[in-house]
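What follows is the residue order along each chain.
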Amino acid sequence: MASNSATSLFLILFIITQCLSVLNAAQDFDFFYFVQQWPGSYCDTKQSCCYPTTGKPATDFGIHGLWPNNNDGTYPSNCDPNNPYDQSQISDLISRMQQNWPTLACPSGTGSTFWSHEWEKHGTCAESVFTNQHAYFKMALDLKNQIDLLSILQGAEIHPDGGSYSLDDIKNAVKSTIGYTPGIQCNVDESGNSQLYQVYICVNGSGSDLIECPVYPRGKCGNSIEFPTF
């Protein structure tokens, strides 16, 4: 009887240890990608876009997400199903979210579906850094405030006017301002032209400082890319 109890206790402890090991492994990462997207490029595709129920977003880069990533290019995802998105935790941030993190997916929405996806896929994998959901979303908003991409590019005479610009000029404009080389991701417009879509900035694993990216996102851009209007 004692032997059976000892065996049962061992199995329980083993299962708990394995579960904790999986959870810790899932939450282990090296740095963050902070990703901003240009709405004009999101919308100028064959799929097009839908403005949020709050109306057309500002003509500005919008946040796509804050994503834990590994130095080898892999990334954890959906790390804690027991911590679903809870909008009540970020009620004081909603106006900032609607302005700086708007949804462009169809059908039109308030943004909550977008934010829920970002938290559950990416945010739950950084619970070791953020004490709660509010801290995660606030950090992304503060990074957006710190890195004003549109002002940076326009200061280098790179404007969202439908014209084409050198990929190197875009990268250099950002690097000269923030001190680090961005990752640039392009997509294709309805005519098949390469256009500026997303800008990746890397942040250290504690979320305290910008860093040079250990690895850059995949994404083919030509030497000359369009910066469409919005």
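About the thresholds
- Residues numbered from 1 in each chain as written.
- Predicted model: local features only at pLDDT ≥ 70, side-chain atom pairs only at ≥ 80, totals over all residues.
- Heavy atoms only, no water.
- UniProt positions renumbered as here; feature names shortened; annotations may be inferred.
- Helix = DSSP H or I, 4+ residues; strand = E, 2+ residues; numbered from the N terminus.
- Buried < 20%, exposed > 50% of the residue type's maximum accessible area, 1.4 Å probe, protein only.
- Contact = heavy atoms within 4.5 Å.
- Salt bridge = Lys/Arg side-chain N within 4 Å of Asp/Glu carboxyl O.
- Phe/Tyr/Trp six-rings, centres within 6.5 Å; stacked < 30°, edge-to-face > 60°.
- Lys NZ or Arg CZ within 6 Å of the ring centre and 35° of its normal.

Visitor: Explain the UniProt feature "active site" (unreviewed entry) in the chain to me, using residue names and the numbers behind them.
Guide: The feature "active site" (unreviewed entry), as given by UniProt, occupies His64, Glu118 and His122 in the numbering adopted here. What stands out for the annotated residues spanning 59 residues is how close their C-alpha atoms remain, the widest pair being 11.3 Å apart. Along the chain, Glu118 falls in helix H4 (residues 112-121). With a relative accessible area of 1%, Glu118 lands in the buried category.

Visitor: For the environment of His122, give the residues involved together with the corresponding values.
Guide: Within the element layout of this structure, His122 appears in the loop between H4 and helix H5 (133-146). Sequence separation between His122 and Pro76 is 46 residues; the distance between their C-alpha atoms is 7.5 Å. In this structure His122 touches Leu66, Trp67, Pro68, His117 and Tyr136, once residues within four positions along its chain are discounted.

Visitor: Which residues make up the pattern of salt bridges, and what values do they have?
Guide: Scanning the entire structure with this criterion turns up three salt bridges. Note that Asp60 and Lys144 form a salt bridge whose closest N and O atoms lie 2.9 Å from each other. Residue Asp60 is located in the loop between helix H2 (39-43) and strand S2 (62-69), and its partner Lys144 is located in helix H5; the two are separated by 84 residues in the primary sequence. Judged by relative accessible area, which is 23%, Asp60 ranks as partly exposed. Owing to a relative accessible area of 6%, Lys144 belongs among the buried residues under this scheme. With its nearest N and O atoms 2.8 Å apart, the salt bridge here joins Lys138 to Asp142. With Lys138 and Asp142 both in helix H5, this residue pair falls four residues apart, about one helical turn.

Visitor: Please provide a residue-by-residue account of H4, values included.
Guide: The complete set of buried residues in H4 reads Phe114, Trp115, Ser116, Glu118 and Trp119. The elements touched by buried residues of H4 are S2, helix H3 (94-100) and H5.

Visitor: Requested: an account of the packing of aromatic side chains, with residues and values cited.
Guide: Applying the stated criterion across every chain, the model contains 15 aromatic pairs. Relative to Tyr33, the ring of Phe31 lies with its centre 5.1 Å away and its plane at 90°, an arrangement referred to as edge-to-face. Like Tyr33, Phe31 is buried. Look at Phe61 and Phe227: their rings are 6.1 Å apart centre to centre, the planes differ by 40°, and that puts the pair in the tilted class. On the criterion of sequence distance, the pair formed by Phe61 in the loop between H2 and S2 and Phe227 in the segment after strand S7 (224-226) is long-range, its members being 166 residues apart. The exposure classification of Phe61 matches that of Phe227, with both residues buried. Three or more aromatic residues joined by ring pairs make a cluster, and in this case those are Phe29, Phe32, Tyr85, Trp101, Trp119, Phe130, Tyr136 and Phe137. The positively charged end of Lys56 is found above the aromatic ring belonging to Phe230, 4.6 Å away from the centroid.

Visitor: Mind laying out the side chain of Ser41, listing which residues take part and the relevant values?
Guide: Within the secondary structure layout, Ser41 lies in helix H2. According to the relative accessible area criterion, Ser41 is buried, its value standing at 0%. In contact with Ser41, not counting residues within four places along its chain, are Asn187, Gln195, Leu196, Tyr197 and Pro228.

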